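These are the residues of each chain, in order.
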Amino acid sequence: MKPVRTRFAPSPTGLLHVGGVRTALFAWLIARQAGGSFLLRLEDTDKNREVSGSGDHIQESLRWLGINWDEGISIGGKYGPYMQSERLAIYKEWGQKLVDAGRAYADPYTAEEVDAFRQEAKAAKQPFLYRNHRPENPPAWDGSQPLRFRSDPKSYTWQDAVMGELSTGPEAIDDFILIKSDGYPTYNFCHIIDDFLMECTHVTRSQEFLASVPKFLNLYEALDITPPTLVTLPFVMGPDGKKKLSKRDGAKDVLDYAREGYLPEALVNFMATLGWNDGTEQEVFSTDDLVAKFSLDRVQKSGAKFDEQRLLWLNGAHIRALPLQDLYARTDTFWPESAGGYEEDFRKQVLSIVQERLKYFAELPSLTSFFFEEPTTEAVQTLLYDESNKQLRKLSPEQKQTLLQAAYKELEQSDFSFTDLEQRLNNLLVTLETKPGILFSLIRIAVSGAPFSPALFDTLHVLGKDTSLERMQRALTL
Ligand code: GLU
């Protein structure tokens with residue numbers, strides 16, 4: 001058995017989104033699971049579509065996610081270069097081999113001539129095929145004409161590791177361009193040469209290439225190359241499940257997730273389970289877990305739906321599973337500015353009580369700023385009289401004041417330990433014959449100026465007695 005070697009071969013034509021990275025992730029998982037190698041190759045042969053900076057962006061995205069490569073761009077390796085634009089001489093040589101074997105020819109036609117062929121086919125109600133117009137005496141190929149493959153149309157039946165057995169008839173195969181007149185190869189040609197020379201055992205790519213596979217098989221045959229294992233991943237679909245995920249459906253640049261404070265392992269978990277499961281109900285996987293459990297035969301054939309709510313939920317689950325110290329280290333750049341003057345210990349206490357409900361780190365300021373700065377009077381006032389609060393709107397200002405006053409009196413006597421706060425406030429509910437949705441909401445609004453906060457006893461405990469009482473005093477004046 002040859003050692004497993006998989007690759008990710010993106011074209012630097014834009015930002016990497018979840019759909020693109022999932023392809024890399026699956027290839028990476030196959031390699032890691034088999035103890036093989038994963039390589040990164042840049043397919044920069046279409047200079048018109050190239051977006052500057054995109055090669056770097058792709059690498060940064062993969063690095064952030066922990067999808068590390070053993071060979072390839074930036075790090076080199078014995079099969080390099082890994083940038084296709086640096087391999088033009090190799091493609092030319094292989095092109096020449098095909099010419100010599102009678103399997104490729106210089107395309108002599110002008111655009112007008114090809115157009116005329118097309119019109120002819122149309123008039124005859126036939127599909128237009130280049131192979132019906134092979135020149136009898138093609139000119140010698142000097143690199144200035146496109147080099148076209150001389151195909152050998154036939155039926156194919158092949159095995160795809162995800163899609164299963166597939167077949168097509170000869171009509172799927174035509175003469176196609178191998179090398180363009182600008183000297184750059186087409187994807188159809190150079191990926192085959194590179195996968196062969198780089199000894200890739202698996203070609204993991206998206207469904208959009210599926211229709212071209214018969215052409216590839218025909219070319220493999222002409223080159224006398226055994227095709228690698230073909231792994232076709234179904235599209236990642238937009239949230240409506242009807243069409244391929246696009247920017248319009250919220251497909252973000254992967255690094256946007258980094259900027260918003262998602263955990264890379266949560267995103268990896270999310271992408272791995274877009275169209276794959278381990279056959280159980282398990283949804284939360286560590287990356288090690290995925291490497292151990294991933295299997296191609298459980299990748300589904302149909303498109304997987306992109307559900308950002310599920311990503312949020314998974315991210316929350318990964319956040320909850322982190323030891324506090326680790327979580328703290330990762331939140332460094334996300335704290336509200338006002339937290340700057342506070343000790344690490346205090347921030348950690350705050351973090352420990354929001355950990356439960358934190359879904360991504362960019363939420364930290366809105367969830368925690370009241371621990372570091374006094375909420376504005378307007379915020380408190382607005383919430384105290386918020387008509388959309390079904391419980392509070394039933395109370396008159398005087399009733400609210402009476403309740404808050406009673407709470408203030410009770411809390412004055414507390415030592416603000418968690419148990420004491422819990423006991424006193426729960427007893428107070430009974431004495432005042434009211435509900436947490438009323439009494440605790442009032443206290444929460446008074447101290448936090450926020451409609452939601454971590455659990456009330458925790459909040460009060462961390463805020464401390466002086467601050468809590470001062471803020472309640474202010475609310476009483478409102
Ligand atoms: N360069 C192709 C793309 O970016 C890669 C397809 C493949 O993995 O072979 O879509």
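A. View of the site of the ligand. In the vicinity of the ligand, the contacting residues are R7, A9, P10, S11, E43, Y187, T204, R205 and F209. Between the ligand and R7, the relevant distance is 2.7 Å, taken from an oxygen atom to a side-chain nitrogen or oxygen of the residue. Residue A9 places a main-chain N or O atom 2.9 Å away from a nitrogen atom belonging to the ligand. When the free accessible area of the ligand is taken as 300 Å², the share hidden by the protein chains comes to 82%.

B. Molecular detail of the layout of surface pockets. In this model, the largest pocket occupies a volume close to 1,100 Å³. Every residue lining the largest pocket is counted, 42 residues in all, and those nearest its centre are S11, T13, R49, E208 and F209. When residues of the lining of the largest pocket are assigned to their parent elements, the largest contribution, four residues, is made by helix α1 (residues 18-33). The residue inventory of the lining of the largest pocket, partitioned by class, reads 16 nonpolar, 12 polar and 14 charged. When its volume is computed, the second largest pocket comes out at roughly 220 Å³.

C. Region of interest: the packing of helix α12 (residues 344-354) against helix α18 (residues 456-463). Contact geometry of α12 with α18 gives a least axis separation of 10 Å together with a crossing angle of 175°. The orientation of α12 relative to α18 falls into the category roughly antiparallel. Here F346, Q349, V350 and I353 of α12 lie close against α18, whose contacting residues are D458, T459 and V462. The residue makeup of the contact of α12 with α18, split by class, is four nonpolar, two polar and one charged.

D. Representation of the packing of aromatic side chains. This structure, assessed with the given rule, holds 21 aromatic pairs. Centre to centre, the rings of F149 and F176 are 5.3 Å apart; their planes meet at 50°, and the pair counts as tilted. Residue F149 is located in strand β5 (residues 147-149), and its partner F176 is located in the loop between β7 (164-168) and β8 (177-179); the two are separated by 27 residues in the primary sequence. Judged by relative accessible area, F149 falls into the buried class, the value being 0%. Taken together, a centroid distance of 5.8 Å and an interplanar angle of 75° make the contact between F270 and F306 edge-to-face. One end of the pair, F270, is in helix α8 (residues 264-272); the other, F306, is in the loop between β12 (304-305) and α10 (308-321), with 36 residues separating them in the sequence. The exposure class assigned to F270 is buried, which follows from its relative accessible area of 0%. Each member of the aromatic cluster is reached from another via a ring pair, and the members are Y328, W335, Y342, F346 and F372.

E. Inspection of the packing of helix α17 (residues 436-448) against helix α19 (residues 465-476) at higher detail. Where α17 meets α19, the closest approach of the two axes is 8 Å, and the angle between their N-to-C directions is 105°. One finds that α17 runs roughly perpendicular with respect to α19. Across the interface between the two elements, I443, A446 and V447 of α17 pack against S468, R471, M472 and A475 of α19. A per-class count over the contact of α17 with α19 returns five nonpolar, one polar and one charged.

F. The arrangement of the state of the cysteines in detail. Enumeration over the complete set of coordinates arrives at zero disulfides. Its sulfur unpaired, C190 is 13 Å from the next cysteine sulfur, which belongs to C200.

G. Representation of the pairing of strand β1 (residues 5-8). Of the two faces of β1, the one holding R5 and R7 and the one holding T6 and F8 are both buried throughout. Direction of pairing for β1 relative to strand β2 (residues 37-40): parallel, over a ladder of four bridges. Along β2, the bridge assignment pairs F8 with L40. Considered for its hand, the β-α-β crossover made up of β1, α1 and β2 is right-handed.

H. How the structure looks around the side chain of N188. Tracing the sequence through the fold places N188 in helix α5 (residues 187-197). Residue class for N188 comes out buried when judged on its relative accessible area of 16%. In contact with N188, other than residues within four places in its own chain, are F176, K215, F216 and L219.

I. Structural detail: the environment of R22. For R22, the location among the structural elements is in helix α1. Residue classification places R22 among the buried positions, given a relative accessible area of 2%. For the pair R22 and N68, spaced 46 residues apart in the sequence, the C-alpha separation amounts to 14 Å. With sequence-adjacent residues up to four places away left out, R22 is seen in contact with L233, P234, F235, V236, M271, L274 and A304.

J. Geometry of the sheet that holds β5. Strand order across the open sheet formed by three strands is β4-β5-β8, with antiparallel pairing between neighbours. Across the chains shown, the open sheet's two edge strands, defined by having one partner strand only, are β4 (104-106) and β8. For this sheet, the mean angle separating the axes of adjacent strands, direction not counted, is 40°. Summarising the sheet, β5 and β8 pair through two bridges and their orientation is antiparallel. If you follow L147 over to β8, its bridge partner there is I179.

Thresholds, definitions, all that
Residues numbered from 1 in each chain as written. Predicted model: local features only at pLDDT ≥ 70, side-chain atom pairs only at ≥ 80, totals over all residues. Heavy atoms only, no water. Near = heavy atom within 4 Å. Polar contact = N/O pair within 3.5 Å; in protein donor to acceptor, adjacent residues only side chain to side chain. Areas by Shrake-Rupley, 256 points an atom, 1.4 Å probe, with all protein chains shown as cover. 1 Å grid on protein atoms, 1.4 Å probe; cavity = no way out; pocket = protein on both sides within 12 Å on 5 of 7 lines; lining within 4 Å. Points joined across faces, edges and corners; volume = space filled by probe spheres on them. Helix = DSSP H or I, 4+ residues; strand = E, 2+ residues; numbered from the N terminus. Nonpolar A, V, L, I, M, F, W, Y, C, P; charged D, E, K, R; others polar. Axes fitted to C-alpha atoms, helices over the stretch in contact; angles between N-to-C directions. Parallel < 35°, antiparallel > 145°, perpendicular 65-115°, else oblique. Contact = heavy atoms within 4.5 Å. Phe/Tyr/Trp six-rings, centres within 6.5 Å; stacked < 30°, edge-to-face > 60°. Buried < 20%, exposed > 50% of the residue type's maximum accessible area, 1.4 Å probe, protein only. Disulfide = S-S within 2.5 Å. Pairing = 2+ DSSP bridges. Right-handed = clockwise from strand over helix to strand, strands pointing away.

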